[in-house]
Amino acid sequence: MGPLEGVKVVELAGIGPAPFACMMLAELGADVLRIDRPGGNVSLGPPEFDLLNRGRRSAALDLKQPAAVDVVRRLVAQADVLIEGFRPGVAERLGLGPEECHAINPRLVYGRMTGWGQDGPLAQTAGHDIDYLGLSGGLHLIGRAGGPPQVPANLLGDFAGGSLYLVIGVLAALHSGEGQVVDAAIVDGSSHLTTMLLGALAAGSWRQDRGTNLLDTGAPFYDVYETADGKHLSVGALEPQFYAELIEKLGIDAPDRNDPSNWPALRKVLAETFRQRTQAEWTEVFDGSDACVAPVLPLAADHPHLVARGTFVNHLGVRQPAPAPRFDRTPTSLGRPPARPGEHTREALTDWGITDVDDLLESGAAQQDSTP
């Protein structure tokens, strides 16, 4: 079930980017065992809707107890990967840092997910996606001319700049065949995402002023426009041939877009034109064209293209994204629903060869969720 079938991962449960990374590893076929603290972590809803925890089992261990730490060490001895998202130094204080784990299993890939990184002046301070994105320059980029930066939920920092870089690092380390530490920091990843724009800045084709550039709503042919019903369309007609089709489909006479002094007038014409029809009407006009126009839809919409590809699925009663990317020889699929913390303690620990589960449960070092 997926290209990572046979890979064993121990996840020391956290929030945000580390669970997303472990979700992806599980969807790629890895056997991921999530070690939850008793009672679990902060969530945006009940456990059954915490989709970042889908695809893997949960065992609840109280890592303040030496017996529980010993269990994790025994799991590490069998694992290919360990993932943790603690503040720097916490895993070491628990006796589960890279040095201790590599002494048990030298081939272990030890993945660390933080916002600021393992070192540096801010390493020990708290922060969230918006803070890391702010420091990296990524947040400064987003917004309209003369306005404040706009917040892209936590997609750009936590998941693009954090989770995906952790997954890439873990896969690369696995491929190397050498046990090593992967230090994935959101501030590093989100900074790395700005590579193309920093090149453009050096070349003089990008400005620090947000909302004045080709790809940040500065150009009227790369923007969003309101329709007659208060909804929106995205317009990305960059190339001349695509722009020509946009103008033809709109049926307008437009000023020369190659002269930036015409951009305010062009924006006015486009805005007035798009407000003459509803989003659905414009979607029909541009359907199948190369004008690079698309409706701006809410989350998990039933657009025909998304339906045809099965991009969103109803799995066990919850609408959610299907795994990505797709593989032709080792396809992925959705498996287990999100687990309650400790739902599989007995089952999972036993499957991983832990023989003293009853003693651990009796002592409180491990806990089994008994919710029916």
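Since this is a predicted model, take the numbers as computed values, not measurements.

What counts and how
- Residues numbered from 1 in each chain as written.
- Predicted model: local features only at pLDDT ≥ 70, side-chain atom pairs only at ≥ 80, totals over all residues.
- Heavy atoms only, no water.
- Helix = DSSP H or I, 4+ residues; strand = E, 2+ residues; numbered from the N terminus.
- Buried < 20%, exposed > 50% of the residue type's maximum accessible area, 1.4 Å probe, protein only.
- Contact = heavy atoms within 4.5 Å.
- Domains from an automatic or database assignment.
- Phe/Tyr/Trp six-rings, centres within 6.5 Å; stacked < 30°, edge-to-face > 60°.
- Lys NZ or Arg CZ within 6 Å of the ring centre and 35° of its normal.
- Core = buried A, V, L, I, M, F, W, Y, C linked by side-chain atoms within 4.5 Å.
- Arc of directions from axis to C-beta.
- Disulfide = S-S within 2.5 Å.
- Lys, Arg positive; Asp, Glu negative; His and termini not counted.
- Salt bridge = Lys/Arg side-chain N within 4 Å of Asp/Glu carboxyl O.

Draft legend 1. The arrangement of the environment of Gly-162 in detail. Structurally, Gly-162 can be placed in helix 7 (residues 155-176). For Gly-162, a relative accessible area of 0% corresponds to the buried category. C-alpha separation for the pair Gly-162 and Gly-16, spaced 146 residues apart in sequence, amounts to 9.1 Å. Ignoring anything within four residues of it in the chain, the contact list for Gly-162 reads Met-113, Gly-157 and Ile-186.

Draft legend 2. Seen up close, the domain arrangement of the chain. You can read the domains of the chain as domain 1 (8-193 + 315-367) and domain 2 (222-298). Relative to domain 2, the C-alpha centre of domain 1 lies at a distance of 42 Å.

Draft legend 3. Spatial organisation of the packing of aromatic side chains. Counting across every chain of the model gives 8 aromatic pairs. Measuring from centroid to centroid gives 5.4 Å for Phe-274 and Trp-282, while their planes differ by 70°, and the two rings are edge-to-face. Each member of the aromatic cluster is reached from another via a ring pair, and the members are Tyr-225, Phe-274, Trp-282 and Phe-286. A cation over an aromatic ring shows up here: Lys-8 above the ring of Trp-352, its NZ or CZ 4.1 Å from the ring centre. The residue whose ring lies beneath Arg-257 is Phe-221, and the NZ or CZ to ring-centre distance is 4.4 Å.

Draft legend 4. The arrangement of the nonpolar core in detail. By size, the foremost hydrophobic cluster in this structure holds 30 residues, and its most contacted members are Val-9, Leu-25, Ala-30, Val-32, Val-81, Ile-83 and Leu-166. Counting residues per element, the ones that place at least two in this core are helix 1 (17-27), strand 4 (81-84), strand 5 (109-114), helix 7, strand 6 (180-185) and helix 8 (186-192). Residue contacts for Val-32: discarding those within four places in its chain leaves Val-9, Glu-11, Cys-22, Leu-25, Ala-26, Arg-56 and Arg-57. Grouped together as the second largest cluster of nonpolar side chains are 29 residues, Ile-35, Leu-61, Val-72 and Ala-79 included.

Draft legend 5. Local environment of helix 5 (residues 129-136). Turning to helix 5, its buried residues are Asp-129, Tyr-132, Leu-133 and Ser-136. Viewed end-on, helix 5 has its buried residues packed into an arc of 100°, placing them on one side of the element. In this structure, the buried side of helix 5 is in contact with helix 6 (138-141), helix 7 and helix 8. Gly-137 sits one or two residues past helix 5 and shows a positive phi near 95°.

Draft legend 6. Expanded view of the state of the cysteines. By the definition in use, this model includes 0 disulfides. For Cys-22, which is in no disulfide, the shortest distance to another cysteine sulfur is to Cys-101 and amounts to 14 Å. Judged by its relative accessible area of 0%, Cys-22 falls in the buried class. According to the relative accessible area criterion, Cys-101 is buried, its value standing at 1%.

Draft legend 7. Spatial organisation of the side chain of Asp-158. Its location among the elements puts Asp-158 in helix 7. Buried within the structure, Asp-158 lacks any salt-bridge partner; its nearest side chain of opposite charge belongs to Arg-56, at an N-O separation of 13 Å. Discounting chain neighbours no more than four positions away, the residues touching Asp-158 are Pro-17, Asp-129, Ser-163 and Ile-186.

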